[in-house]
Structures are given as structure tokens and as C-alpha cells.
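# Chains, contacts and geometry: an overview
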Amino acid sequence: MRFVMHVSPLSWIALACAVVAAGIMVYYLVRRPPLDAAGKTVMMLGVGVLPIMVAMIGNMEGLAATERQGFCGSCHTMDMWIEDANDPESTSLAAIHSRTHKFGGSSCYYCHKDYGMFGYAMTKLGGMGHVYMFLSEWMFYDRDEVIEKIHIARPFKNENCMQCHSTTGAIWSGTADHAGLLEDLRSGETSCVSAGCHGYAHPFSKPEDETPSNEEVHTAVHGNPGEGI
Amino acid sequence: MSPKERWLHFIDNASRSKLMVYACVLGLIALALMSWSLFDQGWIPIMAAMSVGQGIGTLSFALFLVIVFIDLRQAEFRPSIPPERPKRSDD
């Protein structure tokens, strides 16, 4: 566990509500004013309205926070994935995608989330599964055990890549391999990543002989090795 | 004693000020947990706030509602419409 700080203006409003509510409750505990109509109205604010506002803002901010890299990286088991994703020298798919301005800070969530109708809820349910596994098993792993024993639950879906790479753009379609494999890629028959052309998104976590070098990846993508990606 | 009778016995004998003290203590714990998650957005504070924190906060508010319920049970309601004047009997 580590301290992850991201304070928005809404959080400050929630904190102000919490301070006022706490002040009302502490005042009651110290002074014990009568619980007449006026007293109950004030206590309604202190015990009801203001804490409910704190809870509502807390829910909004909390759910938004669960999409950020910092949240995923708050378990030590994710350290290596986050380090690679934020390494400016890394050419892994994860690192390249984490450098985009659009969603770089939430790259874990944007690449791994479920894009179905109930995707948000399903993604959060999956996250609860991770919490259970972390508390029951993973939290005792060191870095070597993490690499060896923790794997993605199911193969990465091409659908997730296709949320951004729609497979209809001219540049994308202009690549011969894309055009030739169009139906297979759309149906998921051929994976974009892993054993597919673009290699593993987190290559450091895979055996070296299964991981293409930067040159091989570059050749597969651009057909022109040596220029970097 | 049935659950309903037990509930009514509790309502008739509970101390409102004591209930409010419990509500305040629970409310302060809930606020502390929920406020923590606003500034430290790791998985422990966020999950603690959205489960334990909100559960304790709900309990605190429920205790306040019990106090209101007790007051309503003990209140004497006066009709807001004055009773009609007795009609004069026809002479």
C-alpha cells in the first residue's frame, strides 16, 4: 500500500462539508444541546445532509480514482507493470499507450476494461476479484513470484484495441498485414498482441524467447528496422 | 416477546440523547474514513470509505431517524382545523 494523492475541487467541497458536519457532531458531544425542533434541524445537517454529500462526492471521486494508474499501482504486485508503463525508454505496448495524452494516466483501465453494455460494473467486479486474490494470496508474493504466478485471467480481446484502432482508417488499412487479416482481427481469431504481430503488451513479464525484440516489433509494424518506435 | 413488541419496547424506553451520542460517534468515524479516501486514493482507503465508511455513516443516520421516530410517537398532535362551532339549535 502506498499514498496516492489526487485532490480535485470537488474533494475540497466534500472536505468542507465533512469539517462542518464533524463540528456539529463534536459540539453536540461536548455541549449536549436540547433535541428540540431547532436542535434536530441542526443535527439533521450534521448527521444526515452533510455526511450524505461527503459520501456522494466520495463515491464520484472514488470511482474516478479506480480508473487511474495510481490506484492499480497501489498494490505492490503491480509495481513492475507500472514502472514499465511509465518508463520513457520502454517500447512496450503498455508504455507507448501510457504516453498518450488522451488516457495515459488511466492506461491500465482503458486497455483492460470491459467495453460491453455492463462493462463498467463488470470491470469493477473483476477488480473485486483482484482484491480478494491480493488479500488471500498475492500480497505475500515477492517480485519473482509475482512474475511467475500472476497472469492475466483470460486472453486479451482485440475488441479492446479496436475501441481506438477501429480497423477502418486509411493508414491502418494500408498496412498489408492488417488488410489481409481484417476478418480474423475483427473476430479475434488472430490476436493483435501476445502471439500476434505486436507482441506482448508487458514483455518483461514473459519468457525472453517468447518476447520479440524492439527491432522485431518495429519490423512487424513498419517494415523498417532500426528507427525506433 | 415478538420482534415488533421488542422494537416498540425499545422505542418507548430508549434515551434520545444517548442515541444521538452514538449517532455522533459513528458519524465521526464514518466521516474520518470517507475524508481519508478523498486525499489518499489507494485501494485500501477507497474501499474502506465505500464499504465500511458508508455503512457506519448509514447506521449513524438511521439512529438519528430513530430519534425522530421516537419524537413523532410521543408527540401530541393537535388538529390544525379548529372544530366546528356547535350549531345553534333552532329556536
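Report on the accompanying structure. Just so it is clear, the structure is predicted and the values come from calculations on it, not from any experiment. (Residues numbered from 1 in each chain as written. Chains lettered and ligands numbered in written order. Predicted model: local features only at pLDDT ≥ 70, side-chain atom pairs only at ≥ 80, totals over all residues. Heavy atoms only, no water.)

### Some thoughts on the state of the cysteines
Residue and element names in this part refer to chain A. Across all of its chains, the model carries zero disulfides over all chains by this definition. Sulfur of Cys72: no disulfide; nearest cysteine sulfur belongs to Cys108 and is 3.9 Å away. Note on Cys72: relative accessible area 22%, which makes it partly exposed. No disulfide involves Cys192; its nearest neighbouring cysteine sulfur is the one of Cys161, lying 4.1 Å away. Using a relative accessible area of 17% as the deciding quantity, one classes Cys192 as buried. (Disulfide = S-S within 2.5 Å. Buried < 20%, exposed > 50% of the residue type's maximum accessible area, 1.4 Å probe, protein only.)

### A look at the nonpolar core
Within the largest apolar cluster, 31 residues are counted, with the highest numbers of intra-cluster contacts made by Tyr28, Met43 and Val47 of chain A together with Leu19, Met20, Leu31 and Met34 of chain B. Breaking this core down by element, the ones donating at least two residues are helix 1 (9-31) and helix 2 (37-65) of chain A together with helix 2 (16-39) and helix 3 (43-74) of chain B. Element by element, the count of residues in this core is highest for helix 2 of chain B, at nine residues. Every residue in contact with Met43 of chain A, bar those within four places of it in the chain, is listed here: Ile24, Tyr28, Leu35 and Gly48 of chain A together with Met20, Cys24 and Phe64 of chain B. Counting 13 residues, the second largest nonpolar core, distinct from the first, contains Phe71, Met80, Val131 and Tyr141 of chain A. (Core = buried A, V, L, I, M, F, W, Y, C linked by side-chain atoms within 4.5 Å. Helix = DSSP H or I, 4+ residues; strand = E, 2+ residues; numbered from the N terminus. Contact = heavy atoms within 4.5 Å.)

### Remarks on the interface of chain B and chain A
The interface is formed by 28 residues belonging to chain B together with 44 residues belonging to chain A. At the boundary of chain B with chain A, total buried surface from both sides reaches about 3200 Å², with 78% on carbon and sulfur atoms. Sorting the residues of chain B by area buried against chain A places Phe39, Gln41 and Trp43 of chain B first, and these three jointly supply 25% of that buried surface. Here chain B is connected to chain A by one salt bridge. Among the ionic pairs, Lys40 of chain A bridges to Asp71 of chain B, the shortest N-O distance being 2.2 Å. Counting across the interface, chain B meets chain A through five residue pairs in polar contact (both at pLDDT 80 or more). Those elements giving two or more residues to the side of chain B that touches chain A turn out to be helix 2 and helix 3 of chain B. The element contributing the most residues to the side of chain B that touches chain A is helix 2 of chain B, with 14 residues. Taken together, the residues that form the side of chain B that touches chain A break down as 18 nonpolar, seven polar and three charged. (Buried area = accessible area lost by both parts, 1.4 Å probe. Salt bridge = Lys/Arg side-chain N within 4 Å of Asp/Glu carboxyl O. Polar contact = N/O pair within 3.5 Å; in protein donor to acceptor, adjacent residues only side chain to side chain. Nonpolar A, V, L, I, M, F, W, Y, C, P; charged D, E, K, R; others polar.)

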